[in-house]
Amino acid sequence: MEVFGENSGRSLRLRWDFAITLPMDGTFLESRRMEERVNRLLGRALNDRFKSLAVRRSLGKGTVTIGGILNSEHTGRLLDKGPSPKAEEAEAWRELWGPKSELRRFKDGTMLECCVWNGADDESVEGQIIRHILEHHEISYGDLYVTPLGHISGLRPADRNLWRNFELLRSALQGMEDIPLAIKDVRPSDPAFSYTSISQESSSISGLLEVVIEVESNSAWPSKPQAIIDTKLALLLKLREGLLVTEDFSDVNISATENPFMDVHVGGRRVTYRCRMWHREEVVQLATAATTTSPNKQRMDWEHFSPLRTLWYEPTHRNWIHSMTALYPVNGGKMSPLGFEPGASPPSCLVSSAGYSSSEAMAG
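Residues numbered from 1 in each chain as written. Predicted model: local features only at pLDDT ≥ 70, side-chain atom pairs only at ≥ 80, totals over all residues. Heavy atoms only, no water.

Comments concerning helix 4 (residues 125-136)
Residues separated by three or four positions in an α-helix point in the same direction, a consequence of the helix having 3.6 residues per turn.
For step 1, the next point in the chain: Taking 1.5 Å of rise per residue, 12 residues should cover 16 Å, and helix 4 covers 16 Å from first to last C-alpha, within 8% of that figure.
For step 2, the next point in the chain: Of all 12 residues in helix 4, 9 are buried; the element is thus mostly enclosed.
For step 3, the next point in the chain: Val125, Glu126, Gly127, Gln128, Ile129, Ile130, His132, Ile133 and Leu134 are the residues of helix 4 that are buried.
For step 4, the next point in the chain: Tucked inside the fold, the buried residues of helix 4 contact strand 2 (18-23), helix 2 (28-46), strand 4 (63-70), strand 5 (79-81), helix 3 (90-97) and strand 8 (144-146). (Helix = DSSP H or I, 4+ residues; strand = E, 2+ residues; numbered from the N terminus. Expected span 1.5 Å × (residues − 1). Buried < 20%, exposed > 50% of the residue type's maximum accessible area, 1.4 Å probe, protein only. Contact = heavy atoms within 4.5 Å.)

As structure tokens, this is what we get:
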């Protein structure tokens, strides 16, 4: 563990992903014991979410700051699985988490002690963990800073509301247990998630927004088109049942088209999510058909390969933009994509004869 002196250079918010300020109460030895206790608790609670911990002592201010670097590969996880309730480690798990720990049964029949975190909260999951641990173990602290890992700073209100809304749906879908195939990921594919709107006036985004639900890989996934449609419909029906038992989703409808989808209306808001099902094997089959060459290969219409665009490329593209905006928040609301003042109209030279601006083309 690193230990920094009082004059240790750059701001802690630049050095660390999180920082907790503790008062140096009592003797120096008592303060050191408190440091060690907090370090042990944070290490157990954050587990694989962090890479390193560090301490900075400020004798002049009478404070100790404990901080660390988070592991980006494991941040944002909404479910932490613990031991079986009958295992020897179960008592230590319950002592660590207190009332946050709950028993959950999984589809393979196992029951585990688990902690579930709120992905729609303004505070990141790691911030929720640190705050809960400090308060549950009655540790007095001053400032608590956790780098914003969820909602990106600088977003306009409409984008912040959109992401909170989406996280509500994603948490509900990924938390379902009684379904044949587990939900691997829920990804936005609509241009509204691209942060490229030049309009800063609206405080909400409304309408129909495209979302892709990725299910876990399974060798039993069918290869025939009609069988794929039937499988998707069966899965969507199970998801619909799970959503309707909550109060957050007021209306859920399923459309049995060639590419089935489920429209989910979030109660009290003007947003409807159009959820389409995605399985890796389906996209692999299409990609193989598109790239394989043979003398007897039949010519296929581009529309045949549209799922590659709607189910794979578009959500992947939105994810790249979201990652870049997390790394460089200036891309996400502090300035418009082409440098215009918020709410201003783009120059006429950038408006095409089709009637839309180049920034709107970027959003698509």
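Description of the side chain of Arg274
For step 1, the next point in the chain: Checked against the element boundaries, Arg274 lands in strand 13 (residues 271-278).
For step 2, the next point in the chain: Judged by its relative accessible area of 18%, Arg274 is buried.
For step 3, the next point in the chain: A polar side-chain atom of Arg274 sits 2.8 Å from a polar atom in the side chain of Asp263. (Polar contact = N/O pair within 3.5 Å; in protein donor to acceptor, adjacent residues only side chain to side chain.)

Some words on the pattern of salt bridges
Where charged atoms from two side chains of opposite charge come close, those side chains can pair.
For step 1, the next point in the chain: All chains considered together, the criterion is met by 17 salt bridges.
For step 2, the next point in the chain: Of the charged contacts, one joins Asp80 and Arg49 as a salt bridge, the two residues approaching to 2.9 Å between their closest N and O atoms. One end of the pair, Asp80, is in strand 5; the other, Arg49, is in the loop between helix 2 and strand 3 (50-58), and 31 residues separate them in sequence. This pair shows no difference in class: Asp80 is buried, exactly as Arg49 is.
For step 3, the next point in the chain: Between Arg77 and Asp80 there is a salt bridge, and its shortest N-O distance comes to 2.9 Å.
For step 4, the next point in the chain: Since its relative accessible area comes to 6%, Asp80 is described here as buried.
For step 5, the next point in the chain: Because the salt bridges share partners, they merge into one network encompassing Asp48, Arg49, Arg77, Asp80 and Glu126. (Salt bridge = Lys/Arg side-chain N within 4 Å of Asp/Glu carboxyl O.)

Digging into empty space enclosed by the protein
For step 1, the next point in the chain: Applying the stated criterion across every chain, the model contains 1 cavity of 30 Å³ or more.
For step 2, the next point in the chain: The computed volume of the largest cavity comes to approximately 30 Å³.
For step 3, the next point in the chain: In terms of lining residues, the largest cavity is bounded by Leu22, Pro23, Met24, Ser31, Met34, Glu35 and Val64.
For step 4, the next point in the chain: Elements represented by at least two residues in the lining of the largest cavity include exactly strand 2 and helix 2.
For step 5, the next point in the chain: For the lining of the largest cavity, the element with the most residues is helix 2, which contributes 3 residues.
For step 6, the next point in the chain: A class-by-class count of the residues in the lining of the largest cavity yields 5 nonpolar, 1 polar and 1 charged. (1 Å grid on protein atoms, 1.4 Å probe; cavity = no way out; pocket = protein on both sides within 12 Å on 5 of 7 lines; lining within 4 Å. Points joined across faces, edges and corners; volume = space filled by probe spheres on them. Nonpolar A, V, L, I, M, F, W, Y, C, P; charged D, E, K, R; others polar.)

Just distances and angles here, no functional claims.
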